[in-house]
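These are the residues of each chain, in order.
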Amino acid sequence: MTDIIAGVEIPETSAVAEATEFLRERTNSLIFHHSRRVFLFGTLHARALDLRPDPELLYISAMFHDAGLLIPFSETEQRFEVDGADHARKFLLDRGFSESAAEVVWMAIALHTTPGIPGRLGPEIAATTYGVLTDAIGWGMDRLEGDQMDEIVAAHPRGDFKKEFLQAFLDGLKDRPDTTYGTMNADILEHFVPGFRRVSMVERINNAAWPR
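The rules behind the values
- Residues numbered from 1 in each chain as written.
- Predicted model: local features only at pLDDT ≥ 70, side-chain atom pairs only at ≥ 80, totals over all residues.
- Heavy atoms only, no water.
- Helix = DSSP H or I, 4+ residues; strand = E, 2+ residues; numbered from the N terminus.
- Rg over C-alpha atoms; globule rule 2.2 N^0.38 Å.
- Buried < 20%, exposed > 50% of the residue type's maximum accessible area, 1.4 Å probe, protein only.
- Contact = heavy atoms within 4.5 Å.
- Lys, Arg positive; Asp, Glu negative; His and termini not counted.
- Charge placed at Lys NZ, Arg CZ, Asp CG, Glu CD.
- Salt bridge = Lys/Arg side-chain N within 4 Å of Asp/Glu carboxyl O.
- Axes fitted to C-alpha atoms, helices over the stretch in contact; angles between N-to-C directions.
- Left-handed = near helix turned anticlockwise from the far one by under 90°.
- Arc of directions from axis to C-beta.
- Parallel < 35°, antiparallel > 145°, perpendicular 65-115°, else oblique.
- Nonpolar A, V, L, I, M, F, W, Y, C, P; charged D, E, K, R; others polar.

Student: Kindly report on the overall build of the protein chain, identifying the contributing residues and their values.
Tutor: Assigned secondary structure in the protein chain consists of ten helices and two strands. Reading the protein chain from its N end, one meets helices and strands in the order β-β-α-α-α-α-α-α-α-α-α-α. Relative to its length of 212 residues, the protein chain is compact, with a C-alpha radius of gyration of 18 Å against a globular reference of 17 Å. Looking at the 212 residues of the protein chain, the share that counts as buried comes to 47%. For the protein chain, contacts bridging at least 24 residues in sequence account for 64% of all contacts bridging at least 6. Charged side chains of the protein chain number 21 positive and 33 negative; the gap between the two group centres comes to 6 Å.

Pasting the structure below:
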């Protein structure tokens, strides 16, 4: 039976089913429901803006976009967005997707916290970020119909999302604070971690080894 939420059909492919199971088993209900809402909101925004993302690639992007908060990809310490993007790339290549498809999804995930750029790129990349922005900070809610919002939240409840989402970011970043340099992720540590102080670009230039 086709799964349709707020007029959005969940793609019926083996990769979608496996990505769904991957997230259920390896993350938690907060990230799972958030990721599904990102797909649904992103699809609705894409329709309104006449974008035409590949539904399967958009779904994979949405489902893996925050996976890196909970599942480091390798021994190398890197931004959580890159961890999630690397997971998604491997997931797709292991299942026979093309390098170009994997690259689209990698970019969608790696750039989803980078303001001003995703909306200028391909539809999957833009729609992923639009979905994230809607669920995280309420961007674009005025463009969506009330019954659509209600149906999405009924299917994938928010619970105490604001508090729990910030805690998830804190838990995922506090042990790798250097990876937050130059990103909005440093906001989380600056707010919650006593003594944390972000390093500015001015300091990096002034402290460089050059004499002047």
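Next comes the rest of the write-up.
Student: So, the pattern of salt bridges: which residues are in play, and what are the values?
Tutor: When the charged atoms of two side chains with opposite charge come close together, those side chains can pair. Considering all chains together, one arrives at 14 salt bridges under this definition. Here the salt bridges do not stand alone but share partners, grouping Arg37, Asp135 and Arg158 into one network.

Student: I'd like to hear about the packing of helix H2 (residues 29–48) against helix H3 (residues 55–64), residue by residue, with values.
Tutor: Where H2 contacts H3, the two axes come as close as 8 Å, and the packing angle between them is 145 degrees. The crossing of H2 and H3 is right-handed. Residues Phe32, Ser35, Arg36, Val38, Phe39, Gly42 and Thr43 of H2 form the contact with H3, whose participating residues are Pro55, Leu58, Tyr59, Ala62 and Met63.

Student: Run through unusual backbone geometry, naming residues and quoting values.
Tutor: Phi is positive for Ala6, close to 55 degrees, though the residue is something other than glycine. Tracing the sequence through the fold places Ala6 in the loop between strand E1 (4–5) and strand E2 (8–9). We classify Ala6 as buried; its relative accessible area is 6%. Despite not being glycine, Asp50 has its phi angle at roughly 60 degrees, a positive value. Within the secondary structure layout, Asp50 lies in the loop between H2 and H3.

Student: Outline helix H7 (residues 146–155), supporting the account with residue identities and numerical values.
Tutor: Those residues of H7 not exposed but buried are Gln148, Met149 and Ile152. Axial view of H7: buried residues confined to an arc of 100 degrees, hence all on one face. More than 90 degrees from the buried face of H7, the exposed residues found are Asp147, Asp150 and Ala154. Tucked inside the fold, the buried residues of H7 contact E1 and H2.

Student: Before we move on, can you summarise the packing of H2 against H7 with the specific residues and values?
Tutor: Across the interface, H2 lies against H7 with an axial gap of 10 Å and an inter-helix angle of 155 degrees. The orientation of H2 relative to H7 falls into the category roughly antiparallel. In this structure, the crossing between H2 and H7 has a hand that is right-handed. On H7, the residues touching His33, Arg37, Leu40, Phe41 and Leu44 of H2 are Gln148, Met149, Ile152 and Ala155. Its residues placed into classes, the contact of H2 with H7 shows six nonpolar, two polar and one charged.

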